[in-house]
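Observations on chain architecture
For reference, the chains in residue letters:
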Amino acid sequence: CNRGHEAMTRPDNRAASVELIRAIVTDTEPTPEGGGTPEDGASGPAALVDERYIERFLAHYGLAGLAAARQKRDRRIGAPLLLSPELEAALEPYRVRTALETGLRMEAAERCRAVLADDGVRSLLFKGGALVRDGVYADPGARLLEDVDVLVRPSDAEAAVLALGRAGFRAWTPWESTRRQWLSAFTLDTPDAIAGIPCTIDLHWSTRYGALRLATAEDEDPLWDGADIASGVPSPEGHFVLLAEHFLKHLRVLAHLRGLADLARLAPRVTSAEALLHHARARGAEARVRLVVRALGDLHGVRIPSAVTEAFGADAGAAAAERRYLSPHRLYGAFPLRTSRAGGLLMRWRLEGGVRNGWREIMQVLAPPAPWLQARYPHMPGGSAGRRLRYAVALAAWTVGAGRSPLSPNQD
């Protein structure tokens, strides 16, 4: 059905539709030409958008509520409206349902944090939950939450899991203390959730998304630096760096466009280039932040403070690889955007560090250290050789598309 619809869509409609989607995702105004970059092939302001394509695209990526919320805001402040009455009517039910689900999941997040606080465990929200909590998304119907991410310190991970278990939170997998040494998160569902609307808590003790094989650190996560502990939200600068890494991590397998929307809306709150640079260096993510800052400003029309672009050397135009992989035409011009496993890794290395960095990552994945494997497969018979064989078989199955990555959580 998707391919049939693609064939019926005229190029001029697609270019105008891409531009409208770009404006919605980035919370900017459409360009008069109807296209953001030369490769978009914009045909002029008179081009009509394909409303059926836009609705299906926004619904597919969980952005329909975002578009409807913007329309309501623009009407309230007297700004030009982006959507026709028909398209607005089609998208409004998504906003209402998103508001309901987000409200319930934010209640679950507050319940989780209260349980942890009672047990003496400090916590932070991050990603979507923090952006709703902090008012970056004023309308809860604008930000779809599939779960809520909560950060605790590594030393508090086991205490946090046990406290939530006593409070009735249901773990997806049995807790084992060795988990903290090979992965960075543990997932639980809240008790008494409404049928059909699960409220899931992703409890993290590390947010280091940069590496393919997560190596959890015992030291304090950089996200705590400058965070508002009382409100339970990170600093804008620390959060922006984390979101940049998270967006690029997902880009090799799917277009995480909610993450791009998050970055565009958080960018105006980044007031300290020095703090942003500090957080990027703490994560070893200077190149990734430079890439995201340049793409947001040069390709997607987001206003980035000049001090930030200068601090990261991102004031030059986007490079060829960035235009190829991050242009509005690629991200919004078709759906679902899929890439092969090998193609995704090649894109990651072309964008982020070249062949040398790629080979380093390959070796980290192919040959994890013995303590990591022991923590990953604590009950595996056959010693180190048996664990390496099991890991190699799982990795080979993932490579050919016959299984999940042995680096992924919650496989049980």
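Residues numbered from 1 in each chain as written. Predicted model: local features only at pLDDT ≥ 70, side-chain atom pairs only at ≥ 80, totals over all residues. Heavy atoms only, no water.

Looking at the overall build of the protein
The secondary structure content of the protein amounts to 19 helices and five strands. Here the protein holds 412 residues, and 53% of them are scored as buried. Counting only contacts in the protein whose residues sit at least 6 apart along the sequence, the fraction spanning at least 24 positions is 71%. On the protein, roughly 18,100 Å² of surface is accessible, and the fraction owed to carbon and sulfur atoms is 55%. (Helix = DSSP H or I, 4+ residues; strand = E, 2+ residues; numbered from the N terminus. Buried < 20%, exposed > 50% of the residue type's maximum accessible area, 1.4 Å probe, protein only. Contact = heavy atoms within 4.5 Å. Areas by Shrake-Rupley, 256 points an atom, 1.4 Å probe, with all protein chains shown as cover.)

Focus: the sheet that holds strand E2 (residues 148-151)
Read across the sheet, five strands follow the order E1-E2-E5-E4-E3 without closing on themselves; strand pairing throughout is mixed. What marks the edges here is a single partner per strand, and that holds for strand E1 (124-126) and strand E3 (170-171). The pairing of strand E4 (residues 185-189) with strand E5 (residues 200-204) spans five bridges and is classified as antiparallel. Bridge pairing in E5 links Asp189 to Thr200. In the packing of helix H7 (residues 157-166) onto the sheet, the strands contacted are E4 and E5, and the crossing angle to E5 comes to about 160°. (Pairing = 2+ DSSP bridges. Axes fitted to C-alpha atoms, helices over the stretch in contact; angles between N-to-C directions.)

Concerning the packing of aromatic side chains
Any aromatic ring pair is given by two values, namely how distant the centres are and how the planes are angled relative to each other. Applying the stated criterion to the full structure yields nine aromatic pairs. Considering the side-chain rings of Phe57 and Phe335, the 5.8 Å spacing of their centres and the 85° angle between planes classify their relative orientation as edge-to-face. Of this pair, Phe57 sits in helix H3 (residues 51-60) while Phe335 sits in the loop between helix H15 (328-332) and helix H16 (341-352), and the two are 278 residues apart along the sequence. Side by side, Phe57 and Phe335 carry an identical accessibility label, which is buried. With a centroid separation of 5.8 Å and an interplanar angle of 90°, the aromatic rings of Trp175 and Trp205 are classed as edge-to-face. Taken as a pair, Trp175 in the loop between E3 and helix H8 (179-182) and Trp205 in the loop between E5 and helix H9 (236-251) lie far apart in primary sequence, 30 residues in all. Owing to a relative accessible area of 17%, Trp175 belongs among the buried residues under this scheme. On the basis of relative accessible area, Trp205 is assigned to the buried category, the value being 1%. (Phe/Tyr/Trp six-rings, centres within 6.5 Å; stacked < 30°, edge-to-face > 60°.)

Concerning the pairing of E5
Burial of E5 is extensive: five of the five residues sit out of reach of the surface. The alternating pattern of E5 places Thr200, Asp202 and His204 and Ile201 and Leu203 on opposite faces, both of which are buried. For E2 and E5, the ladder comprises four bridges, and the chain directions are parallel. Its bridge partner lying in E5, Leu151 is registered against His204.

Regarding the packing of helix H5 (residues 85-118) against H7
Interaxial distance between H5 and H7 falls to 9 Å at its minimum, and their mutual angle equals 115°. Put simply, H5 runs roughly perpendicular to H7. At the point where H5 passes H7, the crossing takes the right-handed sense. The residues of H7 that touch H5, namely those facing Cys112, Val115 and Leu116, are Ala160, Ala163 and Leu164. Residue composition of the contact of H5 with H7, by class: six nonpolar, no polar and no charged. (Parallel < 35°, antiparallel > 145°, perpendicular 65-115°, else oblique. Left-handed = near helix turned anticlockwise from the far one by under 90°. Nonpolar A, V, L, I, M, F, W, Y, C, P; charged D, E, K, R; others polar.)

Topic: the confidence of the model for the protein
For any part of a model where pLDDT is low, the fine detail of the predicted coordinates should not be relied upon. Averaged over every residue, the pLDDT of the protein is 87; residues scoring 70 or more account for 89%. Of all the helices and strands in the protein, helix H1 (residues 2-8) carries the lowest mean pLDDT, 44, while E1 carries the highest, 98. Contacts from residues 1-9, a stretch scored under 50 in pLDDT, to residues over four places away or in other chains number 14 contacts. (pLDDT = per-residue confidence, 0-100.)

Remarks on the pairing of E2
Burial along E2 is two-sided: the residues Val148 and Val150 and Asp149 and Leu151 are all buried. Pairing of E1 with E2, which is carried by three bridges, proceeds in the antiparallel orientation. Residue pairing across strands places Phe126 opposite Asp149, the latter belonging to E2.

Quick notes on the pattern of salt bridges
Considering all chains together, one arrives at 24 salt bridges under this definition. A salt bridge links Arg22 to Glu19; the shortest N-O distance between them is 2.8 Å. Here Glu19 and Arg22 lie together in helix H2 (residues 11-26), a separation of three residues that amounts to about one turn. Side by side, Arg22 and Glu19 carry an identical accessibility label, which is buried. Ionic pairing is found between Glu220 and Arg153, a salt bridge with its closest N-O pair at 2.9 Å. (Salt bridge = Lys/Arg side-chain N within 4 Å of Asp/Glu carboxyl O.)

Digging into the side chain of Thr207
Topologically, Thr207 is positioned in the loop between E5 and H9. Using a relative accessible area of 1% as the deciding quantity, one classes Thr207 as buried. Polar side-chain contacts of Thr207 include one of 2.7 Å to the side chain of Arg283. Once you skip the residues sitting within four places of it in the chain, Thr207 turns out to touch Phe126, Leu151, Asp221, Leu223, Leu242 and Arg283. (Polar contact = N/O pair within 3.5 Å; in protein donor to acceptor, adjacent residues only side chain to side chain.)

Re the packing of H9 against helix H12 (residues 286-299)
Between H9 and H12, the least distance of the axes is 9 Å, while the angle of their chain directions is 85°. By the angle between their directions, the pair H9 and H12 is classed as roughly perpendicular. Between H9 and H12, the residues in contact are Phe240, Val241, Ala244, Glu245 and Leu248 and Arg288, Val289, Leu291, Val292, Val293 and Leu296, respectively.

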